[in-house]
2 protein chains.
Amino acid sequence: MKEELLALIEQGKYANVRKEIVEMNEVDIAQFLEELDKQKLLVVFRILPKDIASGVFSYISNDLQKYIIESISDREIKNIIDELFLDDTIAFLEEMPSNIVKKVLKNTDEETRKLINQFLNYPENSAGSIMTIEFVDLKKEMTVKEALEHIKYTGVDKETINNCYVIDNNRILEGVISIRKLILSEDSVLVKDIMEKDVVYINTHDDQEKMASLFKKYDFLSMPVVDNECRLVGIVTIDDVLDVIEQANTEDIQKMAAVKPSEEKYLKTNVLVLARHRITWLLILMISATFTGNIIRKFDDVLQSVVVLASFIPMLMDTSGNAGSQSSALVIRGLALGEIDLKDALKVLWKEIRVGCLVGLALSTVNFMRIYYLEKVGFMVSLTVSITLLITVILAKIVGGTLPILAKKIKLDPAIMAGPLITTIVDAVALSIYFTTATMLLGI
Amino acid sequence: MKEELLALIEQGKYANVRKEIVEMNEVDIAQFLEELDKQKLLVVFRILPKDIASGVFSYISNDLQKYIIESISDREIKNIIDELFLDDTIAFLEEMPSNIVKKVLKNTDEETRKLINQFLNYPENSAGSIMTIEFVDLKKEMTVKEALEHIKYTGVDKETINNCYVIDNNRILEGVISIRKLILSEDSVLVKDIMEKDVVYINTHDDQEKMASLFKKYDFLSMPVVDNECRLVGIVTIDDVLDVIEQANTEDIQKMAAVKPSEEKYLKTNVLVLARHRITWLLILMISATFTGNIIRKFDDVLQSVVVLASFIPMLMDTSGNAGSQSSALVIRGLALGEIDLKDALKVLWKEIRVGCLVGLALSTVNFMRIYYLEKVGFMVSLTVSITLLITVILAKIVGGTLPILAKKIKLDPAIMAGPLITTIVDAVALSIYFTTATMLLGI
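Because the structure is predicted, anything quoted here is derived from the model rather than measured.

Asker: So what's going on with the side chain of B:Thr319? Which residues, and what values?
Answerer: Following the sequence through the fold, B:Thr319 ends up in helix α18 (residues 313–336). When neighbours within four sequence positions are excluded, B:Thr319 is seen to be in contact with A:Leu282, A:Met286, B:Leu363, B:Leu389 and B:Val393.

So, in structure tokens, the structure goes:
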């Protein structure tokens, strides 16, 4: 298919290209365009029918969107923007430099321009900034037949007609009804008698992650957005929510790895930006780790007399760090999914203490057998290492399990209390316990 | 609202409870039931209208589902299962012990029983196991009017009517048409003239994560599932896909923290299971870390003569571990989202080398200033530490950036090449370089 199209383009048979390409899904057309060189891309894009061109436009990368807008005529820009859903226009304009935004705004009618400006002013992560205003609104006095006719006449431009929202004369949200229910009802029934009155809605200024969790909880396909007076101003559709959810997950994973979150794709981010996003946390953690080093320096007489103790430092540090990271990752994820709540702090603590004891006992037993019997390390040193391991694993589980909850309690993002930071904290604890135990057991 | 309901239940005014509760969203009813004690829960559940009861049933926890099925009559079970969509029935039965499954199967008619058995046989993470068979199928010779009438008569029991699938007489999938397009088209138009012929579909045995990525790519609300002969056998709806996506993210985060993935919620998992899920990786990593310890033992003469070297081990281990974890987390996430491909291995390598140089230079400069000027450590030791830091950070970035891709290449899950494993590998590298540099620079 792709090879065929490429051959047709090579031969300049653009009429055939057009015939083939309009049969394809818009996402696939966009992907195909991404792989063409820029000259051919422009030719192919220009032969697409208006409605398909705007759909394809919303799926291509920001770089190419910019290139296309820079290259095509004002009239072509107007055609694309007219056909584009408002939320896609906003999403695209938010990523463009100001000269492109100006060029686009110049080519839209005054009403759209006003709307775009209003939307561009919603806070970046708010529901308002990703809602669309292309939705179907009904009045509750309508009959099913009237409602369906209203949809038939106004629905062409709407992003979704699955759910229709019922408003009063002041645009106050009063109910919701699915297209399914309308179709399956008798013509003469009144909308108000079959609509759902218990509508779940969000405010334009609500956070997108709150919105995403409502979508997940209620299995919605779309959700109404209201202003402070409870007037319906837009809807959010689930395809956009999916992006919000994946973005939130990406940010959590980045934070958990001590990287400053970023929306840019890895391969498209330049090296300086990547380095900048990583250096802050590395510096903080490096400085913190030197305090752990100071613990060793305080005990250098111990180390000097029993130098073999040094060789267990990596194992103790790694194991306690890993034990703590496991707990913190599970708790951070539980908090993100709403499965763990602030009020569960004590439950988590109690669970982690018990898990820590079990895991710690198993690990320190295996460790003792290995170093005493296999590596023939002295009994007291083997005992020192194993006791330290047991205590630090339990403490690591406690620290890893509770710090994310504490972070949330003081309104910090729990995701920063993950592996890297937990490891640094737990390392210091592990070494203190190690040398104290050594001093006691080895009588140094 | 909730307090009101509780008061009504306390007073035994169940008629009023019923009147209030049917106005609520099924998800909220389910959540309300979860908070009641078991006796009252059963009473309230039994007064729910049949259709609401089954909806609510699909949203409550497995424990309560089990309790309800154990407590209610065969006739009530039949009512619930009859109203439940098949995919919800399957999802529920998959979590139940065999005595409950038998009790349910006994109360379904033969046809449903056969279907349930067939569905329970699809592999656990396949598209088949979460698809539903309640979908609308049309014939391409139908007119729009006939199609809409067909939907009106058969649509009541369907899970979604947003997309209708067009099949031939052998049930081979031929096209798809949205309810929106049907409503907005003239009555006399033929379905085949307005349907999309380029249908994206999946096979019953396809992996759910593949399916999820198609949903994300194309912004679908539902997707057809076919058997090996391309016959339409079911559809998957986006609400179920959302769960698959969140589950996949949870599993990735668990694996990245060296925890065996599990679908159970943290607070509902018992301590023994939690411990078992963590111990394997901890053991493997503990044993691996002892090899790092052996490196120190090999150089104990170096350590003996310059014992201050030991105090920089935690900082070197932590920093290189963190630097490697950052890179691996970004690459693992990029692979999961499809932003990074196997063929990008060299691009990633080159990016990480450059980022590593930048970050490494910055860190080792800061480190040198700090320990030489502030902590007054000797010049050669300061130099040894800083040079080691520079080299290990670069190597850590290379290891962290490329191992996930290599893992994918040999069909392992990239997510295991995350923080814990990378740290263990990088630690060994860091210590080898450290002591080699020390031997050379300090002339020991």
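Asker: I'd love a proper account of the packing of aromatic side chains, names of residues and values included.
Answerer: Residue and element names in this part refer to chain A. This structure, assessed with the given rule, holds 20 aromatic pairs over all chains. For the ring pair Tyr-218 and Phe-220, a centre distance of 5.2 Å and an interplane angle of 20 degrees mean the geometry is stacked. Comparing Tyr-218 with Phe-220, the two get one shared label, buried. Taking the centre distance of 5.5 Å and the plane angle of 80 degrees together, the rings of Tyr-372 and Phe-379 count as edge-to-face. The exposure class assigned to Phe-379 is partly exposed, which follows from its relative accessible area of 42%. Clustering of aromatic rings is evident, with ring pairs tying together Phe-368, Tyr-372, Tyr-373 and Phe-379. Above the ring of Tyr-67, the side-chain terminus of Lys-38 is found at 4.5 Å from the ring centroid.

Asker: So what's going on with the packing of helix α7 (residues 74–83) of chain A against helix α9 (residues 98–106) of chain A? Which residues, and what values?
Answerer: If you want to describe how two helices pack, look at the angle between their axes and the distance between the axes. Residues and elements named next belong to chain A. Running from amino to carboxyl end, α7 crosses α9 at an angle of 80 degrees, the nearest separation of the two axes being 9 Å. With respect to their mutual orientation, α7 and α9 come out roughly perpendicular. Across from Asp-74, Ile-77 and Ile-81 in α7, the residues of α9 making contact are Lys-103, Val-104 and Lys-106.

Asker: Can you lay out the pairing of strand β2 (residues 163–167) of chain B for me, pointing to particular residues and giving the numbers?
Answerer: Residues and elements named next belong to chain B. Summarising burial for β2: five of the five residues are buried, a large majority. Residue alternation in β2 divides its side chains into two sets, Asn-163, Tyr-165 and Ile-167 and Cys-164 and Val-166, and both sets are buried. Examined bridge by bridge, strand β1 (residues 137–138) and β2 share two bridges and lie parallel to one another. Along β2, the bridge assignment pairs Asp-137 with Tyr-165. Here β2 pairs with strand β3 (residues 173–178) via five bridges, running antiparallel. The partner of Ile-167 across the bridge, within β3, is Leu-173.

Asker: So what's going on with the interface of chain B and chain A? Residues and values would help.
Answerer: Contact residues are listed per partner, giving 113 residues for chain B and 113 residues for chain A. Of the roughly 10500 Å² buried between chain B and chain A, counting both surfaces, carbon and sulfur atoms make up 66%. The interface formed by chain B and chain A holds eight salt bridges in total. With a shortest N-O distance of 3.1 Å, B:Arg333 and A:Glu246 are connected by a salt bridge. Here chain B is connected to chain A by 26 residue pairs in polar contact (both at pLDDT 80 or more). No other element matches helix α16 (residues 271–298) of chain B, which puts 18 residues into the side of chain B that touches chain A.

Asker: Now, about the domain arrangement of chain A: what can you tell me, with residues and values included?
Answerer: One frequently used descriptor of interface size is the decrease in accessible area upon assembly of the parts. When its domains are assigned, chain A resolves into domain 1 (2–121), domain 2 (137–247) and domain 3 (266–442). Distance from the C-alpha centre of domain 1 of chain A to the C-alpha centre of domain 3 of chain A: 52 Å.

Asker: I'd like a description of the relation of the copies chain B and chain A, backed by residues and values.
Answerer: One copy of the chain maps onto the second through a rotation around an axis plus a translation along that axis. For the pair chain B and chain A, the superposition axis carries a translation of 0.0 Å, the fit reaches an RMSD of 0.1 Å, and the rotation angle comes to 180 degrees. When the rotation and shift are considered jointly, the pair of chain copies conforms to a two-fold rotation axis. Here 100% of the contact residues of chain B are again contact residues in chain A; the copies associate through an equivalent surface.

Asker: Explain the nonpolar core residue by residue, including any values.
Answerer: Core analysis: the largest hydrophobic core is formed by 126 residues, its most contacted members being A:Phe57, A:Phe92, A:Met211, B:Phe57, B:Phe92 and B:Met211. Those residues within four positions of A:Met211 in sequence are excluded, and the remaining contacts are A:Ala127, A:Ile130, A:Ile202, A:Val236, A:Val241 and A:Val244. Within the second largest apolar cluster, 120 residues are counted, among which are A:Leu303, A:Leu389, B:Ile313 and B:Leu389.

Asker: Residues and numbers for the sheet that holds strand β3 (residues 173–178) of chain A, please.
Answerer: Spatial ordering of the open sheet is given by β1-β2-β3 (chain A), a layout of three strands whose pairing is mixed. Two strands close off the open sheet at either side, each with one partner strand: β1 (137–138) and β3 of chain A.

Asker: So, the packing of helix α18 (residues 313–336) of chain A against α16(B): which residues are in play, and what are the values?
Answerer: Between α18(A) and α16(B), whose axes approach to 8 Å, the crossing angle comes to 155 degrees. In terms of their interaxial angle, α18(A) and α16(B) are classed as roughly antiparallel. Crossing of α18(A) over α16(B) shows right-handed handedness. Each of A:Pro314, A:Met315, A:Asp318, A:Thr319, A:Asn322, A:Ala323, A:Gln326, A:Ser327 and A:Leu330 in α18(A) lies in contact with α16(B), whose residues at this interface are B:Leu274, B:Arg278, B:Leu282, B:Leu285, B:Met286, B:Ala289, B:Thr290, B:Thr292, B:Gly293 and B:Ile296.

Asker: So what's going on with the sheet that holds strand β4 (residues 202–203) of chain A? Residues and values would help.
Answerer: Residue and element names in this part refer to chain A. Spatially, three strands are ordered β4-β5-β6 in an open sheet, and the strand pairing comes out mixed. Either end of the sheet is taken by a strand with one partner, and the two such strands are β4 and β6 (232–237). By the bridge criterion, two bridges tie β4 to strand β5 (residues 222–226) in an arrangement that is parallel. Its bridge partner being in β5, Asn-203 is matched across the sheet by Val-226.

Asker: An account of helix α3 (residues 26–35) of chain A is needed here, citing residue identities and associated values.
Answerer: Within α3(A), the full set of buried residues consists of A:Val27, A:Asp28, A:Ile29, A:Ala30, A:Phe32 and A:Leu33. Contact partners of the buried residues in α3(A): α1 (2–10), α2 (14–21), α4 (38–47), α5 (50–59) and α6 (62–71) of chain A together with α14 (208–218) of chain B.

Asker: Tell me about unusual backbone geometry, residues and numbers included.
Answerer: Residues and elements named next belong to chain A. Unlike most non-glycine residues, Asp-219 shows phi in positive territory, near 55 degrees. Relative to the assigned elements, Asp-219 resides in the loop between α14 (208–218) and β5. Residues other than glycine seldom take positive phi values, yet Cys-230 does so here, at roughly 70 degrees. As for its placement among the helices and strands, Cys-230 is situated in the loop between β5 and β6.

Asker: Lay out the environment of A:Lys2 in plain terms, naming residues and giving numbers.
Answerer: Among the structural elements, A:Lys2 can be located in helix α1. C-alpha separation for the pair A:Lys2 and A:Phe85, spaced 83 residues apart in sequence, amounts to 28 Å.

Asker: Quick rundown of a negative patch on the surface? Include the residues and the values.
Answerer: The grouping of A:Glu94, A:Glu95, A:Glu124, A:Glu263 and A:Glu264 at the surface amounts to a negative patch. Relative to the assigned elements, A:Glu94 resides in helix α8 (residues 86–94).

Asker: I'd like to hear about the side chain of A:Ser61, residue by residue, with values.
Answerer: Assignment of secondary structure puts A:Ser61 in the loop between α5 and α6. Apart from residues lying up to four places away in sequence, A:Ser61 is in contact with A:Glu34 and A:Lys268.

Asker: Can you tell me about the pattern of salt bridges, naming the residues and giving the values?
Answerer: All names here are of chain A. All told, the structure shown has 38 salt bridges over all chains when counted by the stated rule. Across the salt bridge formed by Arg-231 and Glu-229, the nearest N and O atoms sit 3.2 Å from each other. Exposure remark for Glu-229: the relative accessible area of 48% places this residue in the partly exposed category. Within the structure, one salt-bridge network assembled from shared partners comprises Glu-10, Asp-37 and Lys-40.

The rules behind these values
- Residues numbered from 1 in each chain as written.
- Chains lettered and ligands numbered in written order.
- Predicted model: local features only at pLDDT ≥ 70, side-chain atom pairs only at ≥ 80, totals over all residues.
- Heavy atoms only, no water.
- Helix = DSSP H or I, 4+ residues; strand = E, 2+ residues; numbered from the N terminus.
- Contact = heavy atoms within 4.5 Å.
- Phe/Tyr/Trp six-rings, centres within 6.5 Å; stacked < 30°, edge-to-face > 60°.
- Buried < 20%, exposed > 50% of the residue type's maximum accessible area, 1.4 Å probe, protein only.
- Lys NZ or Arg CZ within 6 Å of the ring centre and 35° of its normal.
- Axes fitted to C-alpha atoms, helices over the stretch in contact; angles between N-to-C directions.
- Parallel < 35°, antiparallel > 145°, perpendicular 65-115°, else oblique.
- Pairing = 2+ DSSP bridges.
- Buried area = accessible area lost by both parts, 1.4 Å probe.
- Salt bridge = Lys/Arg side-chain N within 4 Å of Asp/Glu carboxyl O.
- Polar contact = N/O pair within 3.5 Å; in protein donor to acceptor, adjacent residues only side chain to side chain.
- Domains from an automatic or database assignment.
- Least-squares fit on C-alpha atoms with pLDDT ≥ 70 in both.
- Core = buried A, V, L, I, M, F, W, Y, C linked by side-chain atoms within 4.5 Å.
- Left-handed = near helix turned anticlockwise from the far one by under 90°.
- Patch = residues over 30% accessible without salt bridge, like charges linked within 9 Å, V, L, I, M, F, W, Y side chains within 5 Å.
- Areas by Shrake-Rupley, 256 points an atom, 1.4 Å probe, with all protein chains shown as cover.
- Lys, Arg positive; Asp, Glu negative; His and termini not counted.
- Charge placed at Lys NZ, Arg CZ, Asp CG, Glu CD.

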